[in-house]
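Listed here are the chains, written in short residue letters.
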Amino acid sequence: MALEPSYFDKTSDYPCGSPDNRYLLSIQNCGVTLDSTGRRVPVMEDVRNGNGRAIKSRLWSPDRVDRIDDPLDAVFWIMKDPVLGAAMGATLATKRSSAERLASGVDPEALVFEPFANPFRAYPLREDYEKFKGIFGRGVRCFVLNTGHFMGRKVPKDLTLQVLLDVVEGRCGFQGLVGGMDYLPIDGFEPPVDDPGYREVLRRSLEARIRFLGEREECTGGYDSLPDECVHAIGDLVAELGV
């Protein structure tokens, strides 16, 4: 059951005049100007504050429902292996949001690790790890969506929405990447799996996750320690890359 019947969305992808803006109920952190007829119109695309947000009507999505009776059998996360899926969640790499107030000198474009995308954790990291592993172990299929950039190319929002629909309706043909990870071939966004340079970048990314887990355990005196299986699952991927 949907707990939020509307959408909370960024405004940066919707320029003035976009038909999507007809569904905006309220807008935050955007300017306002007058059009040629004197009507007030919002200044979109983050040209004012860099952090525009809006509440969008549920009617924006043509097939929106607020309740389904089918059981949960898929989440957009990472993969089929419950241990590796939970391990990758515990080492989730992201960029700081434009909604955050960063300290002076902090690079907003730098990748950081934020376990399970939860910067407000008030309990041991292992609790999240075990609960997510339990979900994945019950047969829930897991996917990850890259909504940022891939190999320097921006992933458009329309492609993201189409992939979501294709996965839900079973129209996707995934191919093997490494270990228990598969990928969805999309023109312009296919990983060069046979390129040694790409495999090296992937290896460094995985090794950074292993280091992060060690640092996390040390800096919290064991409070955020995870089972050895977590590091081993990521280490097995590194070994399989063979670079």
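Preceding this paragraph is the structure being described.
Report follows, based on the coordinates.

Conventions used here
Residues numbered from 1 in each chain as written. Predicted model: local features only at pLDDT ≥ 70, side-chain atom pairs only at ≥ 80, totals over all residues. Heavy atoms only, no water. Helix = DSSP H or I, 4+ residues; strand = E, 2+ residues; numbered from the N terminus. Buried < 20%, exposed > 50% of the residue type's maximum accessible area, 1.4 Å probe, protein only. Polar contact = N/O pair within 3.5 Å; in protein donor to acceptor, adjacent residues only side chain to side chain. Contact = heavy atoms within 4.5 Å. Salt bridge = Lys/Arg side-chain N within 4 Å of Asp/Glu carboxyl O. Pairing = 2+ DSSP bridges. Axes fitted to C-alpha atoms, helices over the stretch in contact; angles between N-to-C directions. Expected span 1.5 Å × (residues − 1). Arc of directions from axis to C-beta.

1. Overview of the side chain of Asn-21
Part 1 of the argument: With respect to the helices and strands, Asn-21 occurs in the loop between strand 1 (7-10) and strand 2 (24-28).
Part 2 of the argument: Note on Asn-21: relative accessible area 17%, which makes it buried.
Part 3 of the argument: At 3.0 Å, the side chain of Asn-21 and the backbone oxygen of Pro-15 are in polar contact.
Part 4 of the argument: Residue contacts for Asn-21: discarding those within four places in its chain leaves Tyr-14, Pro-15, Cys-16 and Met-44.

2. Here's the deal with the pattern of salt bridges
Part 1 of the argument: In the structure shown here, the tally under the stated rule is 14 salt bridges.
Part 2 of the argument: Of the charged contacts in the structure, one is a salt bridge between Arg-58 and Asp-66, with a shortest N-O distance of 3.1 Å.
Part 3 of the argument: Given a relative accessible area of 28%, Arg-58 falls into the partly exposed group.
Part 4 of the argument: Residue classification places Asp-66 among the partly exposed residues on the basis of a relative accessible area of 28%.
Part 5 of the argument: Between Arg-126 and Glu-130 there is a salt bridge whose closest N-O contact spans 3.4 Å. Here Glu-130 and Arg-126 lie together in helix 2 (residues 125-137), a separation of four residues that amounts to about one turn.
Part 6 of the argument: A relative accessible area of 31% means that Glu-130 is categorised as partly exposed.
Part 7 of the argument: One network of salt bridges, in which partners are shared, links Arg-126, Glu-130, Lys-133 and Glu-229.

3. Things to note about the pairing of strand 4 (residues 40-43)
Part 1 of the argument: The sheet contact formed by strand 3 (residues 31-34) and strand 4 spans four bridges and is antiparallel. Pairing of Gly-31 across the sheet is with Val-43, part of strand 4.
Part 2 of the argument: Adjacent in sequence and paired antiparallel, strand 3 and strand 4 are bridged by five residues, among which Gly-38 carries a positive phi angle near 90°.

4. Observations regarding the sheet that holds strand 5 (residues 53-56)
To summarise the sheet geometry, strands pair through backbone hydrogen bonds and adopt either a parallel or an antiparallel arrangement.
Part 1 of the argument: In space, the three strands of this open sheet follow the order 1-5-2, with antiparallel pairing throughout. With partners counted over all chains shown, the strands left at the sheet margins are strand 1 and strand 2, one partner each. The sheet shows a mean angle of 25° between the axes of neighbouring strands, taken without regard to direction.
Part 2 of the argument: Bridging between strand 1 and strand 5 involves four bridges; their strand directions are antiparallel. Within strand 5, the position partnered with Tyr-7 by the bridge is Lys-56.

5. Focus on helix 2
Part 1 of the argument: An ideal rise of 1.5 Å per residue puts 18 Å on 13 residues; helix 2 measures up with 18 Å between its terminal C-alpha atoms.
Part 2 of the argument: For helix 2, the full list of buried residues reads Leu-125, Asp-128, Tyr-129, Lys-133 and Phe-136. What you see down the axis of helix 2 is that its buried residues fit within an arc of 125°, all on one side.
Part 3 of the argument: At the C-terminal side of helix 2, Gly-139 shows a positive phi close to 95°.

6. With respect to helix 5 (residues 228-241)
Part 1 of the argument: Over its 14 residues, helix 5 extends 20 Å from the first C-alpha to the last, a length consistent with the 20 Å expected when each residue adds 1.5 Å.
Part 2 of the argument: Restricting attention to buried positions, one finds in helix 5 the residues Cys-230, Ala-233, Ile-234, Leu-237, Val-238 and Leu-241. Taken down its axis, helix 5 places every buried residue within 140° of arc, on the same side. With respect to the buried face of helix 5, the exposed residues turned more than 90 degrees away are Asp-228, His-232, Asp-236 and Ala-239.
Part 3 of the argument: Positive phi shows up at Gly-242, right after helix 5, with a value of about 65°.

7. What to know about the environment of Arg-199
Part 1 of the argument: Along the chain, Arg-199 falls in helix 4 (residues 196-219).
Part 2 of the argument: Separated by 43 residues in sequence, Arg-199 and Gly-242 have C-alpha atoms that sit 8.6 Å apart.
Part 3 of the argument: Here Leu-241 takes part through its backbone oxygen, which lies 3.0 Å from a polar atom of the side chain of Arg-199.

Limitation: the analysis is restricted to geometry and does not speak to function.
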